[in-house]
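Here's the letter readout for the chains.
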Amino acid sequence: QMLSYLEAREKLDDPVYWRIKAWIARKEGRLERARALLVYALNGPFSPAARPPIALEVADLYVEMKQPERALRALRTAVELHDAAGGERAPIGNGLRRRDARWRAIEIEHARGSAAGVVAAASTFLEEYPADGGRFEARHLAAAALVRLGDVQAAERAWDALARETAAGPHARLARLELESL
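Throughout, a residue's number is its position along its own chain's written sequence, starting from 1. A pLDDT threshold of at least 70 governs which residues receive local features in this predicted model, and a stricter bar of 80 or more applies before side-chain atom pairs are shown or counted, although totals over entire chains, interfaces and linings include all residues. Calculation of side-chain values draws on the structure's entire complement of heavy atoms; hydrogens and water are dropped beforehand.

Chemist: Help me get a handle on the confidence of the model for the protein chain, residues and values and all.
Modeler: The predictor's confidence in any single residue is recorded as pLDDT, a number from 0 to 100. Chain-level statistics for the protein chain give a pLDDT mean of 88 and a share of 91% at 70 or above. Counting from the N terminus, the helices are the DSSP runs of H or I reaching at least four residues and the strands are the DSSP runs of E reaching at least two. At the low end of the mean pLDDT range in the protein chain sits helix 1 (residues 2-8), at 55; at the high end sits helix 7 (residues 115-128), at 96.

What follows is the structure in structure tokens.
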């Protein structure tokens, strides 16, 4: 209905129009078509504030297309566009999208099994969002990745810090178990 509404009013200069068309193509399984529509919208004549959510959709689409490198590039683009548009860094309002892009990078790196990528993405997330509720999981994922990289001492320091920071929580229990298993 929304697509028909926008077409009837010739609102082809609205990013919502292109995002809806991409969503429809995606639901029909035409992922390459959805990507082309989103990339067009990303480069279209839209306000800077309209671009970051489109870049996040491109990243999700690349994940669905099993192209993690391109998804990570789209996430970096979303953050750059967000910052260029003067968006908030705090994880509230439109700043939440920026935070989600940083978190999504950790998830993608973890899913593809890149220990170095997890450490780098988690470090960026923790540097930019040190008080975020996801910091405990980010620290845990980074510590586990450090073990996979062979840096057991750094992992021990990370798990020790995590256990102290969340003394009574589930992340502290996990961190203590990890420390015992080393």
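The rest of the description comes next.
Chemist: Lay out the packing of helix 3 (residues 31-43) against helix 4 (residues 51-64) with the relevant residues and their values.
Modeler: When two helices pack together, their arrangement is given by the angle between the helix axes and by the axis-to-axis distance. The axes used here are C-alpha line fits, helices contributing only the stretch in contact, and every angle between their N-to-C directions lies in the interval 0 to 180 degrees. Following both chains from N to C, one finds helix 3 and helix 4 inclined at 160°, their axes separated by 9 Å at the closest point. If you check the angle between helix 3 and helix 4, you find them roughly antiparallel. In the packing of helix 3 onto helix 4, the handedness of the crossing is left-handed. Counted together, L31, A34, R35, L38, A41, L42 and N43 of helix 3 and R51, I54, A55, E57, V58, L61, Y62 and E64 of helix 4 form the full contact between these two elements. Note on terminology: angles under 35 degrees are roughly parallel, angles over 145 are roughly antiparallel, angles of 65 to 115 are roughly perpendicular, and the others are oblique. Crossing chirality is assigned from the near helix's rotation relative to the far helix, an anticlockwise turn below a right angle marking it left-handed and a clockwise turn marking it right-handed. Note on definitions: a residue-residue contact is assigned when non-hydrogen atoms from the two residues lie within 4.5 Å.

Chemist: Please set out the environment of P15 residue by residue, giving values where relevant.
Modeler: Relative to the helices and strands, P15 resides in helix 2 (residues 15-27). On a C-alpha basis, the gap between P15 and F46 in space is 6.8 Å, while along the polypeptide they are 31 residues apart. Setting aside its immediate chain neighbours within four residues, P15 contacts F46, A50 and I54.

Chemist: Tell me about the pattern of salt bridges, residues and numbers included.
Modeler: When charged atoms on two side chains of opposite charge get close, those side chains can pair. One side-chain nitrogen of Lys or Arg within 4 Å of one carboxyl oxygen of Asp or Glu is enough to make a salt bridge. Overall, the coordinates contain 16 salt bridges when judged by the stated rule. Here R99 ties to D100 by a salt bridge, and the two come within 3.3 Å at their closest N and O atoms. Between R102 and E128 there is a salt bridge, and its shortest N-O distance comes to 2.9 Å. With R102 in helix 6 (residues 95-111) and E128 in helix 7, the pair connects residues that are 26 residues apart, well separated along the chain.

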